[in-house]
Amino acid sequence: MIYQRSSALFAAAQKVIPGGVNSPVRAFKAVGGDPIFVKEARGAYLYDEDGNRLIDYINSWGPMILGHAHPSVVDAVIQKTRKGTSFGMPTQIETEIAELAVSMVPNIDKIRFVNSGTEACMSAVRLARGYAGKDKIIKFAGCYHGHSDSFLIQAGSGAVTFGSPNSPGVTKGTAQDTLLARYNDLEQVEQIIESNKNEIACIIIEPVAGNMGCIPPEKEFLQGLRTLCDTHNILLIFDEVMTGFRLAKGGVQELLGVDADIVTFGKVIGGGLPVGAFAAREDIMNHLAPLGPVYQAGTLSGNPLAMAAGLAMLTELNSTPGIFKSLADKTEYLHKGIEKALQHHKVVHTINRIGSMISVHFAKDKVVDFETAAHGNNETFKTFFHGMLNHGIYIAPSAFESWFITDALTYKDLDDTIEAVNKVAATL
């Protein structure tokens with residue numbers, strides 16, 4: 001494929017935007033070459049500035065669960081736009097989407113909308129600290145909760161891609177309040193708690209990790225965290241920015257039957273527009289201003305366009321029988337096809353999958369945490385990425401990212417993808 005216009009656009013962007021991009025992983029530093037500039041997207045496909053059509057497995061990093069430019073979402077945004085784009089005042093649609101979200105997700109009474117997943121996670125931790133009256137938090141190596149200072153300690157995803165998980169600008173004091181654990185290692189979490197008795201406000205975790213590739217929790221891991229939190233009076237935060245409304249109507253809480261104290265959302269809940277949210281039971285949420293002492297605010301929070309897109313998306317998901325099974329079935333079909341192709345060509349690999357999230361790791365051992373994810377062969381991944389791109393398949397330009405399946409994908413699209421893997425695998 002030819003990408004002359006994308007390369008020219010990237011050259012122009014680098015003159016006025018740091019690195020030429022507004023989010024680092026887009027720059028292709030992990031895979032080499034120039035990033036692809038998108039002109040438009042519909043359904044399961046991207047159309048770039050050079051006129052190429054690509055089958056998309058990024059889907060805006062998760063939100064496009066029903067496909068790009070879904071008619072219900074587009075129509076809702078257009079209709080709302082005609083009435084004004086922002087007011088800085090309450091609107092009825094904020095209550096409508098809040099009521100729907102609370103009805104879909106177990107174990108939450110109230111929800112507050114913000115403008116990004118980063119803001120949601122930052123606010124959730126502040127709320128947990130204010131509610132618990134303690135300062136320290138536990139996070140897991142390789143889990144990414146946005147770029148707030150507290151979270152840039154072995155943060156996975158883009159931070160790992162660029163080799164600087166501990167970002168300059170994060171103070172030592174902030175780092176000291178963030179305790180780092182291994183994903184899927186319950187015993188280590190227990191040891192950390194014992195070493196910091198009565199000092200830990202919360203544990204924050206991606207209940208299914210998506211920023212070191214897709215890594216599901218080991219059996220009993222999440223329930224073990226729940227038990228530890230109950231025993232030691234610690235709040236459990238599920239970062240469901242990726243998994244919320246994607247793996248099930250009620251996210252991982254519903255799928256795996258484990259309750260969190262606070263849950264954060266993003267991606268799907270905004271239908272592709274910038275949005276985030278955090279939710280909990282009433283007694284926790286009532287600690288937020290204006291009811292309580294924990295301050296959080298945002299000029300564009302509850303923006304009517306984002307609320308319209310999110311409401312349309314959640315309504316579709318809530319009213320479409322079998323949607324999550326359809327997504328899981330397509331992901332399983334893709335998994336089996338990719339595995340068969342890689343095995344045929346004797347390519348060392350392991351594949352992780354849950355629901356509509358999947359990732360291919362070029363590693364021989366099972367990938368269960370940040371350390372095992374880092375053992376993957378990045379040179380093989382680079383060759384695989386560009387090979388797939390040349391066959392019209394767009395996957396994440398980083399080995400440390402999950403693929404996101406959209407229901408707009410047809411089984412022919414999946415077969416075309418599997419055939420591309422077969423051709424690329426022959427060159428690895």
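Residues numbered from 1 in each chain as written. Predicted model: local features only at pLDDT ≥ 70, side-chain atom pairs only at ≥ 80, totals over all residues. Heavy atoms only, no water.

Draft legend 1. Structural detail: helix 11 (residues 304–319). Along its 16 residues, helix 11 runs 22 Å from first to last C-alpha, staying within 8% of the 22 Å computed at 1.5 Å per residue. Most of helix 11 sits out of view: 12 of its 16 residues are buried. If you check which residues of helix 11 are buried, you get Pro304, Leu305, Ala306, Met307, Ala308, Ala309, Gly310, Leu311, Ala312, Met313, Leu314 and Leu317. Of the residues flanking the start of helix 11, the one acting as N-cap is Asn303, its side-chain oxygen 3.0 Å from the backbone nitrogen of Leu305. (Helix = DSSP H or I, 4+ residues; strand = E, 2+ residues; numbered from the N terminus. Expected span 1.5 Å × (residues − 1). Buried < 20%, exposed > 50% of the residue type's maximum accessible area, 1.4 Å probe, protein only. Polar contact = N/O pair within 3.5 Å; in protein donor to acceptor, adjacent residues only side chain to side chain.)

Draft legend 2. Representation of the nonpolar core within the structure. Core analysis: the largest hydrophobic core is formed by 73 residues, its most contacted members being Phe140, Ile203 and Phe245. Counting residues per element, this core draws most heavily on helix 11, which supplies 9 residues. Listed in part, the 41 residues of the second largest apolar core include Ala341, Phe381, Phe385 and Ala425. (Core = buried A, V, L, I, M, F, W, Y, C linked by side-chain atoms within 4.5 Å.)

Draft legend 3. Just the environment of Pro304, in detail. Of note, Pro304 is situated in helix 11. Since its relative accessible area comes to 5%, Pro304 is described here as buried. Along the sequence, Pro304 and Ser72 sit 232 residues apart, while their C-alpha atoms lie 15 Å from each other.

Draft legend 4. Looking closely at the sheet that holds strand 14 (residues 403–404). Here we have 3 strands laid out as an open sheet, ordered 11-12-14, and antiparallel in their pairing. Unpaired on one side and paired on the other, strand 11 (350–354) and strand 14 mark the two borders of the sheet. Here strand 11 runs beside strand 12 (residues 357–361); their pairing, made up of 5 bridges, is antiparallel. Opposite Thr350, over in strand 12, you have His361 as the bridge partner. (Pairing = 2+ DSSP bridges.)

Draft legend 5. View of the pairing of strand 3 (residues 53–56). Bridge analysis of strand 2 (residues 45–48) against strand 3 gives 3 bridges, and the strand direction is antiparallel. Bridging from a neighbouring strand, Tyr47 pairs with Arg53 of strand 3. The turn linking strand 2 back onto strand 3 is made up of 4 residues, and Gly51 within it adopts a positive phi angle of 90 degrees.

Draft legend 6. Fine view of the environment of Asn352. Mapped onto the secondary structure, Asn352 falls in strand 11. The buried category is assigned to Asn352, whose relative accessible area is 8%. Distance in space between the C-alpha atoms of Asn352 and Gly213 is 8.0 Å, their sequence separation being 139 residues. Filtering out sequence-adjacent residues up to four positions away, Asn352 remains in contact with Cys214, Ile215, Pro216, Met357, Ile358, Ser359, His361 and Val367. A polar contact is formed between the side chain of Asn352 and the backbone oxygen of Cys214, at a distance of 2.8 Å. (Contact = heavy atoms within 4.5 Å.)

Draft legend 7. Region of the structure containing the packing of aromatic side chains. Inspection of the entire model under this criterion finds 10 aromatic pairs. Aromatic ring contacts, followed pair by pair, group Phe28, Phe381, Phe385 and Tyr394 into a single cluster. Between Arg53 and the ring centre of Tyr45, over which it is positioned, the NZ or CZ distance is 4.0 Å. (Phe/Tyr/Trp six-rings, centres within 6.5 Å; stacked < 30°, edge-to-face > 60°. Lys NZ or Arg CZ within 6 Å of the ring centre and 35° of its normal.)

Draft legend 8. Highlighting the sheet that holds strand 1 (residues 38–42). Across the sheet, which stays open at both edges, the 4 strands sit in the order 1-2-3-13 with mixed pairing between neighbours. Only two strands of the sheet have a single neighbouring strand rather than two, namely strand 1 and strand 13 (393–394). Set on the sheet, helix 15 (residues 411–425) makes contact with strand 2, strand 3 and strand 13; between it and strand 3 the angle comes to about 100 degrees. (Axes fitted to C-alpha atoms, helices over the stretch in contact; angles between N-to-C directions.)

Draft legend 9. Representation of the packing of helix 7 (residues 186–195) against helix 8 (residues 221–232) within the structure. Two numbers describe how helix 7 lies on helix 8: the axes approach to 10 Å, and their chain directions differ by 15 degrees. Accordingly, the angle class assigned to the pair helix 7 and helix 8 is roughly parallel. By crossing handedness, the relation of helix 7 to helix 8 is classed as right-handed. From helix 7, Leu186, Val189, Glu190, Ile193 and Glu194 reach across to helix 8, where they touch Phe221, Gly224, Leu225, Leu228 and His232. (Parallel < 35°, antiparallel > 145°, perpendicular 65-115°, else oblique. Left-handed = near helix turned anticlockwise from the far one by under 90°.)

Draft legend 10. Geometry of the environment of Gln253. As for its position among the elements, Gln253 is in helix 9 (residues 251–256). C-alpha separation for the pair Gln253 and Phe28, spaced 225 residues apart in sequence, amounts to 34 Å. Ignoring any residue separated from it by four or fewer positions in sequence, one finds Gln253 in contact with Val105, Pro106, Asn107, Phe238, Glu240, Val258, Asp259, Ala260 and Val263.

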